[in-house]
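# Residue-level structural notes
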Amino acid sequence: MTDREAAWARLREAAGEDRGRRIAALFEAEPDRLARLTVEAAVGVFLDLSKQPWSRAGVDAALALASAADIEGRRARLFAGEMVNLTERRPALHMALRAPDGADYKALGLAVSGEVEATRRQMRDFAEGIRAGRIVGATGRPFRSLVHIGIGGSDLGPKLVWEALKPLDAPIELRFAANVDGAEIAAALAGLDPAQTLVIVVSKTFTTEETLANGRAARAWLAAALGEDGANGHLAAVSANIEGANAFGVAADRVFAFWDWVGGRYSLWSAVGLSCAVGLGWDAFAALLGGAAAMDEHFRTAPLERNAPALLALAHVFNRNGLGRPIRAVVPYARRLALLPAFLQQLEMESNGKRVTEDGALLTRGSAAAVFGDAGTTGQHAFFQLLHQGTDVIPVDIIAAAHGDEGPPDHQARLLANAVAQSEALMVGRANAAEPHRNFPGDRPTSFLLVDRVTPASLGAVIALYEHKVFVEGVLWGIDSFDQWGVELGKTLARDVLAELQGGEVKPHDPSTAALIARLRG
Ligand code: F6P
């Protein structure tokens, strides 16, 4: 047995023993539990993993697995810009995008920080120019709305950031169109004045069908009001495929580059975040980058037993592989973070939803958990019944902010009371032998992530924490977290089916698919 397999066996054994213990009882048995399992990471991000179902022996087994998987060595290779994405033969160097000026990141040995800084300056000039009214539309009027067109990693991060940080009286309104469903672009454009609307088409590959279709629709909408030449002045593009963006008709000085070493779901920090820089201002975007950079530094330097991303990954793996729990809930007790579960669905499930190892062997254990969630307290009135009394144990990540600055002053305390009470209730439960339907078994794990306020910096730090958590899990499972081959087949078949729905020759299909196509062709 390899050292690594021995470490997995030890983890399973420790988890098996911990299954027989109640989490709440571990506090008595381990007086230093709270101190060991709470970490203040960076930008005041505080993580409490003491309500996870691991005893000291369980934590030690998880840390031993981290050593056996050489997390520290792999982390060094990640930061050094080595080829960690093996199937696409690329580094994954999103940290370079948020590093302060003067950093010296290299991708496969080639310096990248200079180009990153140049693109940041281009973004800053554009964003500030629009906000100050120096860059105006075809009729000379300032931009008042921005439609961000992109999907997946080219949508979820910017949308999360905008919803988290947008001022209630935003001078520039941002709208997003991702889905190819015509209802989405129609809603994004509805009521806007083309003369005051900027459209940014964001696609790493610039080949994504949904984005190109929505981009064409938006350009036609602009051109109908402003003419073709006028429309060009209202378009910008963000892509790693500069030729593709140019071919789409975006003026060369309005194309913002990024690089193949930036994965789509890790691209928020690149020019993919340009819409947020325009909508929130450069200082806020720079603070978002700064918060993420501070978390990078924590992840890179903190010892694993005090390292928030590593410990969060180990807690999740303990549940997933030690205790066989394939689902996790994410509940932000901050309405402004309501899109965090959707963001994490892509980050975690597209990164680690894989069944083969880096060398192509079949995985012998479960990988990414399915993630779902919604903002608290809303979610409490929907799916919390199952979390408390369902037949499966579903670990929960609770995310909260100590302070909120909006709405009636007493609401923040009410919100926080719910966040804290739920984590207590899930762990402690309440016995009621006489009325089983009123019995709360408890012993249901939570992680509690607390920031001081939802700010650009704390949000950047939280997102980076999850990015690195996903990296650590990928290394533990031995998979490539940075490719996404599983999305290809559906895309290819959709192209064929589209041709058939549009009257083309019908190809052979299974009986169900053939009948659906026949029905839709009418
Ligand atoms: O769904 C697959 C995917 O490639 C994601 O990884 C990516 O974020 C999304 O599509 C959008 O891709 P692009 O930015 O190239 O349009």
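Reference entry: report on the structure contained in this document. (Residues numbered from 1 in each chain as written. Predicted model: local features only at pLDDT ≥ 70, side-chain atom pairs only at ≥ 80, totals over all residues. Heavy atoms only, no water.)

Enumeration over the complete set of coordinates arrives at five cavities of 30 Å³ or more. Approximately 110 Å³ is the volume found for the largest cavity. Of all the secondary structure elements, the ones that give two or more residues to the lining of the largest cavity are helix 14 (308-322), strand 10 (327-333), helix 15 (340-352) and helix 18 (456-477). Broken down by class, the residue content of the lining of the largest cavity amounts to seven nonpolar, three polar and six charged. (1 Å grid on protein atoms, 1.4 Å probe; cavity = no way out; pocket = protein on both sides within 12 Å on 5 of 7 lines; lining within 4 Å. Points joined across faces, edges and corners; volume = space filled by probe spheres on them. Helix = DSSP H or I, 4+ residues; strand = E, 2+ residues; numbered from the N terminus. Nonpolar A, V, L, I, M, F, W, Y, C, P; charged D, E, K, R; others polar.)

This part takes up the site of the ligand. Neighbouring residues of the ligand: 14 residues in total, closest Ser154, Ser203, Thr205, Thr208 and Glu350. Measuring from an oxygen atom of the ligand, one finds a backbone N or O atom of glycine 153 at 2.7 Å. Contact distances for the ligand include 3.3 Å between an oxygen atom and a side-chain N or O atom of glutamine 346. Out of a free accessible area of 390 Å², the ligand has 87% covered by protein chains. Given that more than half its atoms are within 2 Å of the pocket grid, the ligand belongs to the largest pocket. Here the shell around the ligand is composed, by residue class, of two nonpolar, eight polar and four charged. (Near = heavy atom within 4 Å. Polar contact = N/O pair within 3.5 Å; in protein donor to acceptor, adjacent residues only side chain to side chain. Areas by Shrake-Rupley, 256 points an atom, 1.4 Å probe, with all protein chains shown as cover. Sits in = over half its atoms within 2 Å of the grid points.)

Trp54, Val161, Val238, Trp261 and Leu476 are the most contacted members of the largest nonpolar core, which totals 114 residues. With 13 residues, the top contributor of residues to this core is helix 18. Residues within four places of valine 238 in sequence aside, it is in contact with Ile200, Val201, Val202, Ser203, Phe206, Phe256, Phe258, Ala271, Val272 and Leu274. (Core = buried A, V, L, I, M, F, W, Y, C linked by side-chain atoms within 4.5 Å. Buried < 20%, exposed > 50% of the residue type's maximum accessible area, 1.4 Å probe, protein only. Contact = heavy atoms within 4.5 Å.)

Moving on to the pairing of strand 7 (residues 197-202). The two faces of the sheet receive side chains in turn, since in a regular strand these alternate between them. Of all six residues that make up strand 7, six are buried, and the element is covered over most of its length. As defined by bridge partners, strand 7 adjoins strand 8 (residues 235-239) across four bridges and the pair is classed as parallel. Bridge pairing links valine 199 to leucine 235 in strand 8. The handedness of the strand 7 to strand 8 crossover, carried by helix 10 (residues 209-232), is right-handed. (Pairing = 2+ DSSP bridges. Right-handed = clockwise from strand over helix to strand, strands pointing away.)

Our next topic: the sheet that holds strand 9 (residues 255-257). Here five strands make up an open sheet; going across it, the order is 6-5-7-8-9 and the pairing parallel. Two strands close off the open sheet at either side, each with one partner strand: strand 6 (173-177) and strand 9. Direction aside, the axes of adjacent strands within the sheet are offset by 20° on average. Across three bridges, strand 8 lies against strand 9 in parallel orientation. Counted as the bridge partner of valine 238 is phenylalanine 256 from strand 9. In the packing of helix 7 (residues 113-131) onto the sheet, the strands contacted are strand 7, strand 8 and strand 9, and the crossing angle to strand 9 comes to about 145°. (Axes fitted to C-alpha atoms, helices over the stretch in contact; angles between N-to-C directions.)

A word on the environment of leucine 86. Residue placement: leucine 86 occurs in the loop between helix 5 (71-79) and helix 6 (94-98). Linking leucine 86 and glycine 137, residues 51 residues apart in sequence, is a C-alpha distance of 44 Å. Look past the residues within four positions of leucine 86 in its chain and what remains in contact with it is Glu358 and Asp480.

Mapped onto the elements, glutamate 88 comes out in the loop between helix 5 and helix 6. Taking the C-alpha atoms as reference, glutamate 88 lies 20 Å from leucine 476; in sequence the two are 388 residues apart. The residues touching glutamate 88, leaving out its near neighbours within four places in the chain, are Phe482, Asp483, Gln484 and Trp485. At 3.5 Å, the side chain of glutamate 88 forms a polar contact with the side chain of glutamine 484.

Tracing the backbone shows lysine 354 in the loop between helix 15 and strand 11 (370-373). Not counting chain neighbours up to four residues away, the residues in contact with lysine 354 comprise Arg265, Leu363, Ser367, Ile479, Asp480, Ser481, Phe482, Asp483 and Gln484.

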